[in-house]
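Observations on the three-dimensional arrangement
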Amino acid sequence: MKILVTGGSGFIGHHVVKELADLGHQVAVYDSFATYFPETSHIYRKNLQDRLKLIRDKAEVIRGDLTDKDFLISTFKDFRPDLVIHLANIPVANASNRFSGTAIEVNLLGTGNII
């Protein structure tokens, strides 16, 4: 089965991607790799690199933003997934509060674009 995982490089997402690939599915990760706290971006980058090492040979990684509807549609047309697992969001409550406009765009409008 071809499965697209939005937010597939995140804390939960990379585990899902790894498990799906280990089960024999063809997996693509769709992720923006956004960080919302510049003061801790070095920690985020290190964690992201560690997670990507675990999945890079198991999945196609696509850098894309859920709010970019044209690129998202293009990704769907190119990859043609049988299933989408939507895990992308702004995951930290503090980030959602600090960047409420972005949180609405990503979490609500981005989800609408997926649907």
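Up top is the structure these notes are about.
Described below are features of the structure shown in this document. (Residues numbered from 1 in each chain as written. Predicted model: local features only at pLDDT ≥ 70, side-chain atom pairs only at ≥ 80, totals over all residues. Heavy atoms only, no water.)

Focus: the sheet that holds strand β3 (residues 59-63)
Note the following rule: Pairing between two strands is assigned when DSSP locates at least 2 bridges connecting them. Strands here are runs of E lasting at least two residues and helices are runs of H or I lasting at least four, both read from the DSSP assignment and numbered beginning at the N terminus. Each axis is a line fitted through C-alpha atoms, taken for helices only over the stretch in contact, and angles between the N-to-C directions span 0 to 180 degrees.
The four strands lie next to each other as β3-β2-β1-β4, forming an open sheet whose pairing is parallel. Both edges of this open sheet fall to β3 and β4 (83-86), since each of them pairs with a single strand only. Each adjacent strand pair in this sheet contributes to an overall mean axis angle of 20°, direction not counted. Across five bridges, strand β1 (residues 2-6) lies against strand β2 (residues 26-31) in parallel orientation. Residue pairing for β2: Leu4 is matched across the bridge by Ala28.

Regarding a negative patch on the surface
Quick reminder of the rule: Note on patches: the residues involved have over 30% relative accessible area and no salt bridge, like charges join within 9 Å, and the nonpolar side chains Val, Leu, Ile, Met, Phe, Trp and Tyr join within 5 Å. Accessible surface area values rest on a Shrake-Rupley calculation with a 1.4 Å probe, where residue burial reflects the displayed protein chains alone. Criterion for a salt bridge: a side-chain nitrogen of Lys or Arg within 4 Å of a carboxyl oxygen of Asp or Glu. None of His or the chain ends enter the tally, which takes Lys and Arg as positive and Asp and Glu as negative. Where a charge lies is defined by one atom per residue type, namely NZ (Lys), CZ (Arg), CG (Asp) and CD (Glu). Burial here depends on accessible area, computed with a 1.4 Å probe over protein chains only, as a share of the maximum for the residue type. Under 20% is buried, over 50% is exposed, and the range in between is partly exposed.
A surface patch of negative charge is lined by Asp65, Asp68, Asp70 and Glu105. Along the polypeptide, Glu105 turns up in helix α5 (residues 100-114). Assessed through its relative accessible area of 39%, Glu105 is described here as partly exposed.

Side note on the environment of Ser32
Stated formally: Only heavy atoms matter for contacts: two residues are in contact if any of them lie within 4.5 Å across the pair.
Locating Ser32 in the fold gives a position in the loop between β2 and α2 (41-55). When the C-alpha atoms of Ser32 and Met1 are compared, they prove to be 24 Å apart, with 31 residues separating the residues in sequence. With residues up to four places along the chain from it excluded, the contact list for Ser32 reads Arg63, Gly64 and Asp65.

Section: a nonpolar patch on the surface
On the surface, Phe11, Ile12 and Leu87 cluster together into a nonpolar patch covering about 320 Å² of accessible area. In this structure, Ile12 sits in the loop between β1 and α1 (13-22).

Some points on α5
Count 3.6 residues to each turn of an α-helix, and residues three or four apart come out pointing the same way. Rule in force here: Take the residue count of a helix, subtract one, and multiply by 1.5 Å to get its expected span.
Helix length check: α5, at 15 residues, gives a terminal C-alpha distance of 20 Å against a target of 21 Å (1.5 Å per residue), a fit within 8%. Looking only at α5, the buried set comprises Ala103, Val106, Gly110 and Ile114. The secondary structure elements touched by the buried residues of α5 are β1, α3 (69-79), β4 and α4 (93-98).

Structural notes on α1
Our working rule: The arc in question is the one traced by the directions running from the helix axis out to the C-beta atoms.
Turning to α1, its buried residues are Gly13, His14, Val17, Leu20 and Ala21. Across the axial projection of α1, the buried residues extend over an arc of 130°, all falling on one side. Tucked into the core, α1 has its buried residues touching β1, β2, α2, β3 and β4. Positive backbone phi, approximately 100°, marks Gly24, located one or two places after α1.

Quick word on the environment of Arg56
Positionally, Arg56 belongs in the loop between α2 and β3. In this structure the C-alpha to C-alpha distance between Arg56 and His42, which are 14 residues apart in sequence, comes to 20 Å.

Fair warning: the whole summary comes from geometry, so function is off the table for now.
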